[in-house]
Amino acid sequence: MSDLSYRGSALDAETALALLQWQAELGADEPCLDEPIDRYDEARAAEAERSAARAPIATAAPQSAPRPPTPAAAAADALAEQVTIATRLAAAATTLEELAEAQRGFDGIELRKGARNFCFADGNPKARVMVIGEAPGEEEDLRGLPFVGRAGQLLDRMFAAIHLARDAVDAERALYIANVLTWRPPGNRRPEPGEVAVMLPFLARHVDLVDPEVIVLMGNTPCQAALDPQVIRQGILRLRGNWTTAFGRPALPMTHPSYLLRTPAAKREAWADLLSLSARIDP
Ligand code: URA
C-alpha cells in the first residue's frame, strides 16, 4: 500500500501514475502549487497597476488650466482690439486732415490691402448737410472720392433739385459727402459687421469735426452703423422719410441712389424725403 491518497481514498502507485498521465494528456503538464492561483485576480491587479501608471498623466493638467480660445472668440478679441485702436486714433485727431491721415494709416481693416485708393470725403466741410453712404464702388475706388459713379451722379441730381451741391462754396447750399467705409469692398459686396465696427469710431469723429446740422443716411448700411439696433431692425424701406437721431443729430434715412436706379418707382418717395429735408433746413 502506498501513502498516496485521492479525496480521502488511498491510491496505489499504478493508479496514481495513470491519473498523472491522464492529467498530462489533458495539458496539465506543469507541477501544481499547494495554493491555487486565481488568474482573474492577476488580471485585475495588472489593470489596477496600469490605471495607477496612467493617473499622474490625467491629473498633471490642472483643472483650472485656461483652454485655448475658439477661433470665433479669438476673432472677437482681435476685432475689439482694433476698435480700441481706431477709437484712440480717431479721438486724437483734431482736424479733418489729421483724421484722414489717421484713418488712411490704420491697418486694422483687411479691405485696405485690396483697394486702390482711400476714399475719405467730398464736398464742403462747412456744409449744413452731411450725406453718409455705404462704401466706395469701382469708380470711387479709382478716383478716391465718394459717390462719383452712376449712383453718385443721381445723388447730385437729387440734391440739385433742392438746391444743394457738393461744389457749392456757400455753406448754406453746400453738401458734404462721406461713406461708412473708406476702402472698397471686393466686388462691391456689402460691408461686413466687423468692417463697419472698426470704421465706426472714425465716422463718429468725422461727423463731430464737420459738425453738420443734419445728416442724411443713404441706405441700410449707414442706418445699421449709426442707429439704435432696435430701430434698424425695420430696414430702410420702413425707416426712410422718418426723422431720427444719429451721432446726436437729426438724421433722415433715405433709400440709396443705387436702389433708385434699379427701382425707378421708388423715386417718388425719395422726392418726398428730399422735400422733407429741404423743409427742415429752409423752414
Ligand atoms: N455707393 C455708396 O454708398 N457710396 C459711394 O461712394 C458710391 C456708391
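Structure shown above.
These lines cover the structure that appears in this document, whether it is placed above or below. (Residues numbered from 1 in each chain as written. Predicted model: local features only at pLDDT ≥ 70, side-chain atom pairs only at ≥ 80, totals over all residues. Heavy atoms only, no water.)

Attention shifts here to the sheet that holds strand β4 (residues 129-133). One open sheet holds the six strands; their spatial order is β3-β5-β4-β6-β8-β7, and the pairing between them is mixed. In this open sheet, the two strands that pair with only one neighbour each are β3 (121-123) and β7 (244-246). Pairs of neighbouring strands in the sheet enclose a mean axial angle of 30°, with direction left out of account. Two elements, β4 and strand β6 (residues 214-218), share four bridges in a ladder whose sense is parallel. The partner of Ile-132 across the bridge, within β6, is Leu-217. (Pairing = 2+ DSSP bridges. Helix = DSSP H or I, 4+ residues; strand = E, 2+ residues; numbered from the N terminus. Axes fitted to C-alpha atoms, helices over the stretch in contact; angles between N-to-C directions.)

Quick look at the site of the ligand now. Near the ligand you find Gly-133, Glu-134, Ala-135, Glu-140, Pro-146, Phe-147, Asn-179 and His-256, and these make up its full shell. Measuring from a nitrogen atom of the ligand, one finds a backbone N or O atom of Ala-135 at 3.1 Å. With respect to the ligand, the backbone of Phe-147 contributes an N or O atom lying 2.8 Å from an oxygen atom. Here the ligand, which alone exposes 240 Å², has 91% of that area covered by the protein. Counting atoms within 2 Å of the grid points, the majority share of the ligand lands in the largest pocket. Partitioning the shell around the ligand into residue classes produces three nonpolar, three polar and two charged. (Near = heavy atom within 4 Å. Polar contact = N/O pair within 3.5 Å; in protein donor to acceptor, adjacent residues only side chain to side chain. Areas by Shrake-Rupley, 256 points an atom, 1.4 Å probe, with all protein chains shown as cover. 1 Å grid on protein atoms, 1.4 Å probe; cavity = no way out; pocket = protein on both sides within 12 Å on 5 of 7 lines; lining within 4 Å. Sits in = over half its atoms within 2 Å of the grid points. Nonpolar A, V, L, I, M, F, W, Y, C, P; charged D, E, K, R; others polar.)

Two residues of an α-helix separated by three or four positions point the same way, owing to the 3.6 residues in each turn. All of the buried residues along helix α4 (residues 96-105) are Leu-96, Leu-99, Ala-100, Ala-102 and Gln-103. Along the long axis of α4, the arc covered by the buried residues comes to 165°, so they all point the same way. Taken together, the buried residues of α4 touch α3 (71-92), β5 (175-179) and α8 (193-210). (Buried < 20%, exposed > 50% of the residue type's maximum accessible area, 1.4 Å probe, protein only. Arc of directions from axis to C-beta. Contact = heavy atoms within 4.5 Å.)

This next bit is on the layout of surface pockets. The calculated volume of the largest pocket comes to roughly 600 Å³. Every residue lining the largest pocket is counted, 25 residues in all, and those nearest its centre are Glu-134, Ala-151, His-256, Ser-258 and Arg-262. Put simply, the parts of the chain that give the lining of the largest pocket at least two residues each are α7 (150-160), α11 (236-239) and α12 (257-262). (Points joined across faces, edges and corners; volume = space filled by probe spheres on them.)

This part takes up α7. Buried within α7 we find Ala-151, Gly-152, Leu-154, Leu-155, Met-158 and Phe-159. Axial view of α7: buried residues confined to an arc of 160°, hence all on one face. Of the residues in α7, the exposed ones pointing more than 90 degrees away from the buried face are Arg-150 and Arg-157. Contact partners of the buried residues in α7: β4, β5, β6, β8 (249-254), α12 and α13 (267-281).

Okay, the pairing of β8 next. Most of β8 is tucked away, with five of its six residues classed as buried. Of the strand pairs in this sheet, β6 and β8 are connected by four bridges, and their pairing is parallel. Each bridged residue has a counterpart across the sheet, and for Val-216 the counterpart in β8 is Leu-252. Where β7 hands over to β8, the hairpin turn is made up of two residues, of which Phe-247 adopts a positive phi near 50°.

Applying the stated rule across the entire model yields three aromatic pairs. For the pair Phe-118 and Phe-120, a centre-to-centre distance of 5.9 Å together with 25° between the ring planes defines the contact as stacked. In this pair, the class of Phe-118 matches that of Phe-120, namely buried. Arranged with centres 5.1 Å apart and planes meeting at 50°, the rings of Phe-118 and Trp-183 form a pair that is tilted. Placement of the pair is Phe-118 in the loop between α5 (111-114) and β3 and Trp-183 in the loop between β5 and α8, with a sequence separation of 65 residues. (Phe/Tyr/Trp six-rings, centres within 6.5 Å; stacked < 30°, edge-to-face > 60°.)

To continue, consider the pattern of salt bridges. Charged atoms that come close allow side chains of opposite charge to pair. Counted according to the given criterion, the structure contains 15 salt bridges. Here Glu-101 and Arg-104 are joined by a salt bridge, their closest N and O atoms 3.4 Å apart. Of this pair, Glu-101 and Arg-104 both sit in helix α4, three residues apart, which is roughly one turn of that helix. Glu-101 gets classed as partly exposed once you look at its relative accessible area, which sits at 48%. You can call Arg-104 partly exposed: its relative accessible area is 38%. Taking the shortest distance from any N to any O, the salt bridge between Arg-189 and Glu-192 comes out at 3.8 Å. (Salt bridge = Lys/Arg side-chain N within 4 Å of Asp/Glu carboxyl O.)

This is a description of form; function is not addressed.
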